[in-house]
Amino acid sequence: MHHVEAPAKLTIRFEVRSRRSDGYHLIEAEMVALSFADLLKVDTAVSVGGVTMVADPLLGDADRYRVVVDASNSVVRALDFLGATAQVEVKKRIPQSAGLGGGSSDAAAVLRALGYQGDPSATAILGADVPPSLVGGHVHVSGIGDEVELLPDLRRDYVLFLPEFSISTIAVYRAFDRVGSDGGGNDLFLAACEVEPKLRLLADELEARFHKPIMLAGSGSTLFAEATLAELGLVSQRTSPELELAMLSTLVGSVVVVGCHTLARPGLNEHG
């Protein structure tokens, strides 16, 4: 039995370079792995495999964490990629369509647990965020997400703001092709606000409340600030050994707030 963490991927800088003829976008990005993670149990001592996913009740509404387990599921696809049989249980903490690469990180965690030693770029067939999630730590990402270069370890604290709504990555890229970028640290912010106007309302409210730059994670819907919960004057209301959480009431509804920090690559190792 392998117990593996699947760290959230935080994109702290994101640029869209161009759009290819096949519809994929070429990017330049800087990403870090976070201590906020899904938790996986991978058992290979089975004759019949399967995948189950359960929501961590500490994170609130289970619907945000309910993932369909079929042939499109990232963990199922990772097992098929390896030709492996295993029973995998995933405790979901990273919401769907939150810009934190949760599904890709789950797939990468399975690949690590089962000893994948191949070229990380080959795993892009499972999802654009799988190669950087597999490499882990602090990385520069280019191409369509398949070209990953290690960067020096980065030690930073971040606060994640997880709203009740999610945002489709496909819809954001389609909007980007129409509206472009406003020149901020994430080229997808303007497009994400076009898809979900509540995102801009939330970002403006958080900046006014905390007097900190508020950034968009990936294609959204997560927003983040470089800070700790204490620096923002937020008191952790519910904790577990791995989680530092708070809740906010905002103009767009309740927001789960997560305090976390970056992980160096050794912090991604599994434990049996």
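Predicted, not measured: the structure shown is a model, and the values here were computed from it.

Along the chain, the regular secondary structure elements total six helices and twelve strands. For the chain, whose C-alpha radius of gyration is 18 Å, the value lies close to the compact-globule estimate of 19 Å for 272 residues. In terms of its C-alpha atoms, the chain occupies a principal-axis envelope of roughly 55 × 50 × 35 Å. Across the 272 residues that make up the chain, the buried fraction comes to 50%. In the chain, 68% of the contacts between residues at least 6 apart in sequence involve partners at least 24 apart. Accessible surface for the chain amounts to roughly 11,900 Å². Of this, 50% is attributable to carbon and sulfur atoms.

Turning next to the packing of aromatic side chains. Working definition: an aromatic ring pair is given by the centre-to-centre distance plus the angle between the planes. Taken as a whole and judged by the stated rule, the model has three aromatic pairs. Between the aromatic rings of phenylalanine 161 and phenylalanine 210, the centroid separation amounts to 5.8 Å while the plane-to-plane angle is 25 degrees, which identifies the pairing as stacked. Within this pair, whereas phenylalanine 161 is found in strand 7 (residues 157-162), its partner phenylalanine 210 is found in helix 6 (residues 198-210), the two being separated by 49 residues in sequence. Taking the relative accessible area as the measure of exposure, phenylalanine 210 reaches 11% and is therefore buried.

This paragraph deals with the packing of helix 1 (residues 74-82) against helix 2 (residues 102-113). Packed helices, taken two at a time, are described by their axes: the angle between them and the distance between them. In contact at an axis separation of 8 Å, helix 1 and helix 2 are set at 35 degrees when each is read in the N-to-C sense. Every pair of crossing elements has a handedness; the one defined by helix 1 and helix 2 is right-handed. Between helix 1 and helix 2, the residues in contact are Ser74, Val75, Ala78, Leu79, Phe81 and Leu82 and Gly103, Asp106, Ala107, Val110 and Leu111, respectively. Class assignment of the residues belonging to the contact of helix 1 with helix 2 gives a composition of eight nonpolar, two polar and one charged.

Turning our attention to the nonpolar core. Counting residues in hydrophobic clusters, the biggest one holds 39 residues, and the most contacted among them are Phe161, Leu199, Leu206, Leu223, Leu234, Leu248 and Val257. Per-element accounting of this core gives the leading share, five residues, to helix 6. Excluding residues within four positions of it along the chain, leucine 248 makes contact with Phe161, Leu206, Arg209, Phe210, Leu234, Gly253, Ser254, Val255 and Val257. Listed in part, the 23 residues of the second largest apolar core include Ala6, Val42, Val51 and Leu79.

As enumerated under the stated definition, the model contains eleven salt bridges in all. Lysine 92 is the salt-bridge partner of aspartate 38, the closest N and O atoms lying 2.6 Å from each other. With a gap of 54 residues between them, aspartate 38 in strand 2 (residues 25-43) and lysine 92 in strand 4 (residues 87-92) connect regions that are remote in the sequence. The class of lysine 92 is buried, set by a relative accessible area of 3%. Salt bridges sharing common partners tie together Arg13, Glu15, Arg17 and Glu30.

For the rest of this paragraph, the subject is unusual backbone geometry. With omega at 20 degrees, the peptide bond leading from glycine 220 into serine 221 counts as cis. Counting through the fold element by element, serine 221 comes out in the loop between strand 8 (215-216) and strand 9 (223-225). Positive phi is not limited to glycine here, since serine 97 has a value of about 50 degrees. Mapped onto the elements of the fold, serine 97 is located in the loop between strand 4 and helix 2.

Position of valine 51 among the secondary structure elements: in strand 3 (residues 50-55). Placed 22 residues apart in sequence, valine 51 and asparagine 73 show a C-alpha to C-alpha distance of 9.1 Å. Contact partners of valine 51, with chain neighbours within four places excluded, come to Val69, Asn73, Val75, Val76, Leu79, Gln87 and Val88.

Moving on: the environment of histidine 261. Note that histidine 261 resides in strand 12 (residues 253-261). With 105 residues separating them in the primary sequence, histidine 261 and arginine 156 have C-alpha atoms 5.7 Å apart. With near-sequence residues (within four places) excluded, histidine 261 lies in contact with Ala33, Leu34, Ser35, Arg155, Arg156 and Asp157.

Bridge count for strand 11 (residues 243-250) against strand 12 is seven bridges, and the pairing is antiparallel. Residue pairing across strands places leucine 248 opposite valine 255, the latter belonging to strand 12. Here strand 11 folds back onto strand 12, and the loop between the two strands holds two residues.

The next point concerns helix 2. End to end, helix 2 covers 16 Å across twelve residues, agreeing with the expected 16 Å (1.5 Å per residue, within 8%). Within helix 2, eleven of the twelve residues are buried, leaving the element largely enclosed by the surrounding structure. Those residues of helix 2 lying buried are Gly102, Ser104, Ser105, Asp106, Ala107, Ala108, Ala109, Val110, Leu111, Arg112 and Ala113. Tucked inside the fold, the buried residues of helix 2 contact strand 1 (2-19), strand 2, strand 3, helix 1, strand 4 and helix 3 (130-135). Two residues or fewer after helix 2 comes glycine 115, characterised by a positive phi angle close to 80 degrees.

What counts and what doesn't
Residues numbered from 1 in each chain as written. Predicted model: local features only at pLDDT ≥ 70, side-chain atom pairs only at ≥ 80, totals over all residues. Heavy atoms only, no water. Helix = DSSP H or I, 4+ residues; strand = E, 2+ residues; numbered from the N terminus. Rg over C-alpha atoms; globule rule 2.2 N^0.38 Å. Buried < 20%, exposed > 50% of the residue type's maximum accessible area, 1.4 Å probe, protein only. Contact = heavy atoms within 4.5 Å. Areas by Shrake-Rupley, 256 points an atom, 1.4 Å probe, with all protein chains shown as cover. Phe/Tyr/Trp six-rings, centres within 6.5 Å; stacked < 30°, edge-to-face > 60°. Axes fitted to C-alpha atoms, helices over the stretch in contact; angles between N-to-C directions. Left-handed = near helix turned anticlockwise from the far one by under 90°. Nonpolar A, V, L, I, M, F, W, Y, C, P; charged D, E, K, R; others polar. Core = buried A, V, L, I, M, F, W, Y, C linked by side-chain atoms within 4.5 Å. Salt bridge = Lys/Arg side-chain N within 4 Å of Asp/Glu carboxyl O. Pairing = 2+ DSSP bridges. Expected span 1.5 Å × (residues − 1).

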